[in-house]
Amino acid sequence: MSAVIQIENVDKWYNPAVQVLRNVSLTVSRGEVVVVCGPSGSGKSTLIKCVNALEPIQHGRIVVDGEDLGGKGVNLPRLRARVGMVFQHFELFPHMRVLDNLCLAQCKVLGRSRQEAESRALVLLDRVGLTAHAAKFPGQLSGGQQQRVAIARALAMDPVVMLFDEATSALDPEMVSEVLDVMVGLAQSGMTMMVVTHEMGFAGKVANRVVFMDQGEVVEDAPSKQFFEGAGSERARQFLSKILTY
Amino acid sequence: MSNFDFDIVWQNLPYLFLVGLRFTLTLTVLAALGGVILGTLLAILRQSGGPVLSGFVAGYVNLVRALPLVLVIFWFYFLVPYVGQWVTGSPRPIQVGGFASALITFIVFEAAYFSEIMRAGIASIPRGQSSAGQALGLTHAQVMRYVVLPQVFRIMLPVLLTQTIVLFQDTSLVYVLSITDFLGAASKIAERDGRLVEMYTFAALVYFVLSFAASRGVQRLRARYAVPR
Ligand SMILES: Nc1ncnc2c1ncn2[C@@H]1O[C@H](COP(=O)(O)OP(=O)(O)OP(=O)(O)O)[C@@H](O)[C@H]1O
Ligand SMILES: [Mg+2]
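Residues numbered from 1 in each chain as written. Chains lettered and ligands numbered in written order. Predicted model: local features only at pLDDT ≥ 70, side-chain atom pairs only at ≥ 80, totals over all residues. Heavy atoms only, no water.

Participant: Help me understand a nonpolar patch on the surface in this model?
Facilitator: Residues and elements named next belong to chain B. Taken together, the side chains of Val70, Phe74, Trp75, Phe78, Leu79, Val83, Trp86 and Val87 present a nonpolar region at the surface, about 840 Å² in accessible area. Along the chain, the position of Leu79 falls in helix 4 (residues 69-88). Residue class for Leu79 comes out partly exposed when judged on its relative accessible area of 31%. (Patch = residues over 30% accessible without salt bridge, like charges linked within 9 Å, V, L, I, M, F, W, Y side chains within 5 Å. Areas by Shrake-Rupley, 256 points an atom, 1.4 Å probe, with all protein chains shown as cover. Salt bridge = Lys/Arg side-chain N within 4 Å of Asp/Glu carboxyl O. Helix = DSSP H or I, 4+ residues; strand = E, 2+ residues; numbered from the N terminus. Buried < 20%, exposed > 50% of the residue type's maximum accessible area, 1.4 Å probe, protein only.)

This is the structure we're talking about:
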């Protein structure tokens, strides 16, 4: 199995006093679904932003789809276009209709014609069940619908891997499952995914591996079955018992 | 009151409006467009141009805002011909005329104010919007062009237009160059026919009506063009 994301000994500081990632190493292979969990502030969002080079790293190496993010002459926008990213707060462009949200980067980055972009967009809107809302503005949709649009927007770029940063944690409870359903469907279709989430149901259902982070370190990285049957580390066990009790 | 003669206004309406007001409105519109474009560029430089450029822009904005407009109008009028001479390498100062000189002055002056408005607007767009744009593979420039600025213009449109109304009133200061803008036209007739009270009252009324109507229009726009979030 070839690695789509290779994170090797990465250190990151936001400022000289605070180290947010400590010697993090992690590999996501093609077709794999890796769930990343851990307490608030443990560096999950930071790690996922580093994979997309939205945040620089100070030490170590990240290779995405065979390309070293820190390599000389690497075209970051081009590389990012191959990595889909879904944010906690959706981040749809509020001044554009849903369809235009899906077409913008297809046209400007991939150079697709408007027609190609639209037909690809409509296929993906259909896949997330939102064809009827193509002409609406994001503000006219519910949170769950917006997040599904955001997933479709990322998929429209035909990414080799999808990153999710707590995609359901800003949603009202009744909308969580409609988004998780889309994510499960995506996982089952063979998409490579790195998913920051506390939805352990999702993890149990589709994750190949679960990574547990604490204070900037990868504390545990185990096949999901093994992780749930008895996480090896005390910290992971405590964390799990906390989020599963409620 | 009996010897007020407002006929003088009616007799001179074509001159007042077709010459005077036309100049004023043309100057206002062109200066606003130029000022917004230059101001937007300045705001972008200030936000993401590196320490040297952004320091330069900050200095520029502070300098302009610390100078009285009349002074700048005057100074530019006398300076621009020499700048033109220097740029083109001509042996004599290039006479650009009152309109061009006034237009350049107002663009340069208003850009400082517009850039502050645009800067506040850019800062008001959540950082996640840029991250999302970049994550899709858009470059910094494309994120600005397609994601950030369109939202900034919508949010800031009322403020930009309000500043343009101020600009409209400020254009009356070109009278120091003896230019026939609206106020200049009114004042020429006033002096010629000795009808100061009538002409200045009428001029005040016109400035008031136009400014007031424009601000009401801005309030309506504010409601209509709000970004649905
Ligand atoms: N832009 C930033 N500048 C400075 N410090 C930051 C920045 N972003 C995050 N941090 C800090 O880095 C640490 C890790 O943050 P991060 O957002 O990656 O954690 P997280 O695991 O995603 O947490 P959460 O579950 O709350 O989302 C935290 O201590 C946070 O305060
Ligand atoms: Mg986070």
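Participant: Explain the interface of chain B and chain A here, please?
Facilitator: Often the size quoted for an interface is simply the accessible area lost on bringing the parts together. Contact residues are listed per partner, giving 21 residues for chain B and 24 residues for chain A. In total, about 1900 Å² of surface goes out of reach between chain B and chain A, with carbon and sulfur atoms giving 67% of it. For the interface between chain B and chain A, the tally reads one salt bridge. With a closest N to O distance of 3.9 Å, Arg127(B) and Glu55(A) form a salt bridge. Viewed at the interface, chain A and chain B are joined by five residue pairs in polar contact (both at pLDDT 80 or more). Elements that contribute at least two residues to the side of chain B that touches chain A include exactly helix 6 (127-135) and helix 7 (140-170) of chain B. Here the element with the most residues in the side of chain B that touches chain A is helix 6 of chain B; it accounts for eight residues. (Contact = heavy atoms within 4.5 Å. Buried area = accessible area lost by both parts, 1.4 Å probe. Polar contact = N/O pair within 3.5 Å; in protein donor to acceptor, adjacent residues only side chain to side chain.)

Participant: How should the environment of Leu124(A) be read in this particular structure?
Facilitator: Residue and element names in this part refer to chain A. Here Leu124 is to be found in helix 4 (residues 114-127). Owing to a relative accessible area of 2%, Leu124 belongs among the buried residues under this scheme. Separated by 114 residues in sequence, Leu124 and Gln238 have C-alpha atoms that sit 39 Å apart. The contacts of Leu124, once residues within four sequence positions are left out, are Ala152, Leu155 and Ala156.

Participant: Teacher, can you tell me more about the layout of surface pockets here?
Facilitator: In this approach, a probe sized like a water molecule rolls over the atoms, and the result shows the empty space that is left. All names here are of chain B. Taken as a whole, the largest pocket spans an internal volume of roughly 510 Å³. For the largest pocket, the lining is made up of 19 residues, of which Gln47, Arg127, Ser130, Gln134 and His140 are closest to its centre. Put simply, the parts of the chain that give the lining of the largest pocket at least two residues each are helix 2 (13-48), helix 5 (97-124), helix 6 and helix 7. For the lining of the largest pocket, the element with the highest residue contribution is helix 7, accounting for five residues. Size it by volume and the second largest pocket reaches roughly 210 Å³. Leu25, Thr28, Val29, Ala32, Leu161, Thr164, Ile165, Phe168, Leu210, Ser211, Ala214 and Val218 are the residues that line the second largest pocket. Secondary structure elements with two or more residues in the lining of the second largest pocket: helix 2, helix 7 and helix 9 (196-224). When grouped by side-chain class, the residues that make up the lining of the second largest pocket number nine nonpolar, three polar and no charged. (1 Å grid on protein atoms, 1.4 Å probe; cavity = no way out; pocket = protein on both sides within 12 Å on 5 of 7 lines; lining within 4 Å. Points joined across faces, edges and corners; volume = space filled by probe spheres on them. Nonpolar A, V, L, I, M, F, W, Y, C, P; charged D, E, K, R; others polar.)

Participant: Please clarify how the site of ligand 1 should be interpreted in this entry.
Facilitator: All names here are of chain A. The environment of ligand 1 is formed by Tyr14, Val20, Pro39, Ser40, Gly41, Ser42, Gly43, Lys44, Ser45, Thr46 and Glu166. Isolated, ligand 1 exposes 640 Å² of accessible area, and the fraction of that covered by the protein chains is 59%. If one sorts the elements of the shell around ligand 1 by residue count, helix 1 (residues 44-51) sits on top with three residues. When its residues are assigned to classes, the shell around ligand 1 shows three nonpolar, six polar and two charged. (Near = heavy atom within 4 Å.)

Participant: Quick question: what am I supposed to make of the packing of helix 2 of chain B against helix 3 (residues 50-65) of chain B here?
Facilitator: Two measures define how a pair of helices packs: the angle their axes make with one another and the distance between the axes. Residue and element names in this part refer to chain B. As a packed pair, helix 2 and helix 3 sit with axes 7 Å apart at the nearest point and diverge in direction by 135°. Taken as axis vectors, helix 2 and helix 3 run oblique relative to one another. Helix-helix and strand crossings are classified by hand; for helix 2 and helix 3 the assignment is left-handed. Of the residues in helix 3, those in contact with Leu42, Leu45, Arg46 and Ser48 of helix 2 are Gly50, Leu53, Ser54, Val57, Ala58, Tyr60 and Val61. (Axes fitted to C-alpha atoms, helices over the stretch in contact; angles between N-to-C directions. Parallel < 35°, antiparallel > 145°, perpendicular 65-115°, else oblique. Left-handed = near helix turned anticlockwise from the far one by under 90°.)

Participant: Is there a simple way to explain the sheet that holds strand 7 (residues 161-165) of chain A in this structure?
Facilitator: Sheet strands line up and pair through hydrogen bonds in the backbone, either parallel or antiparallel. All names here are of chain A. A sheet is described by the order of its strands in space; here six strands give the open sequence 6-7-8-3-9-10, paired in mixed fashion. Whereas interior strands pair on both sides, the edge strands pair on one side only; in this sheet they are strand 6 (83-86) and strand 10 (217-223). With direction set aside, neighbouring strand axes in the sheet form an average angle of 15°. Bridge count for strand 9 (residues 209-214) against strand 10 is six bridges, and the pairing is antiparallel. Bridging from a neighbouring strand, Asp214 pairs with Glu217 of strand 10. Against the sheet, helix 6 (residues 173-188) contacts strand 3 (33-37), strand 7 and strand 8 (193-196), and its axis sits at roughly 150° relative to strand 8. (Pairing = 2+ DSSP bridges.)

Participant: I tried to follow the sheet that holds strand 2 (residues 18-29) of chain A on my own but got confused; where do I start?
Facilitator: All names here are of chain A. The sheet built from four strands is open, its strands ordered 2-1-4-5 with antiparallel pairing. Where the open sheet ends on each side, the last strands, each with one partner, are strand 2 and strand 5 (67-68). Direction of pairing for strand 1 (residues 3-15) relative to strand 2: antiparallel, over a ladder of eight bridges. Bridge pairing in strand 2 links Ala3 to Ser29.

Participant: Help me understand the packing of aromatic side chains, please; the structure alone is not making it clear to me.
Facilitator: Here a ring pair, both rings aromatic, is described through the centre-centre distance and the interplanar angle of the planes. What the rule picks out here adds up to 13 aromatic pairs over all chains. Relative to Phe99(B), the ring of Phe23(B) lies with its centre 5.3 Å away and its plane at 80°, an arrangement referred to as edge-to-face. Of this pair, Phe23(B) sits in helix 2 while Phe99(B) sits in helix 5; the two residues are 76 residues apart in sequence, bridging distant segments of the chain. Assessed through its relative accessible area of 29%, Phe99(B) is described here as partly exposed. Judged by centre distance (5.7 Å) and plane angle (35°), the ring pair of Phe109(B) and Tyr113(B) falls under tilted. Remark: Tyr113(B) and Phe109(B) occur in helix 5; sequence separation between them is four residues, near one turn of the helix. In this structure, Lys12(A) packs its charged tip against the face of Tyr14(A), placed 4.7 Å from the ring centre. Over the aromatic face of Phe93(A) sits the side chain of Arg153(A), whose NZ or CZ is 4.4 Å from the ring centroid. (Phe/Tyr/Trp six-rings, centres within 6.5 Å; stacked < 30°, edge-to-face > 60°. Lys NZ or Arg CZ within 6 Å of the ring centre and 35° of its normal.)

Participant: Can you help me understand the side chain of Lys44(A) in this one?
Facilitator: Residue and element names in this part refer to chain A. For Lys44, the position within the fold is in helix 1. For the buried Lys44, no salt bridge exists, and the shortest N-O distance to an oppositely charged side chain is 4.2 Å, to Glu166. For Lys44, the residues in contact, after removing those within four places along its chain, are Val36, Cys37, Gly38, Pro39, Glu166, Val196, His198 and Met213. (Lys, Arg positive; Asp, Glu negative; His and termini not counted.)

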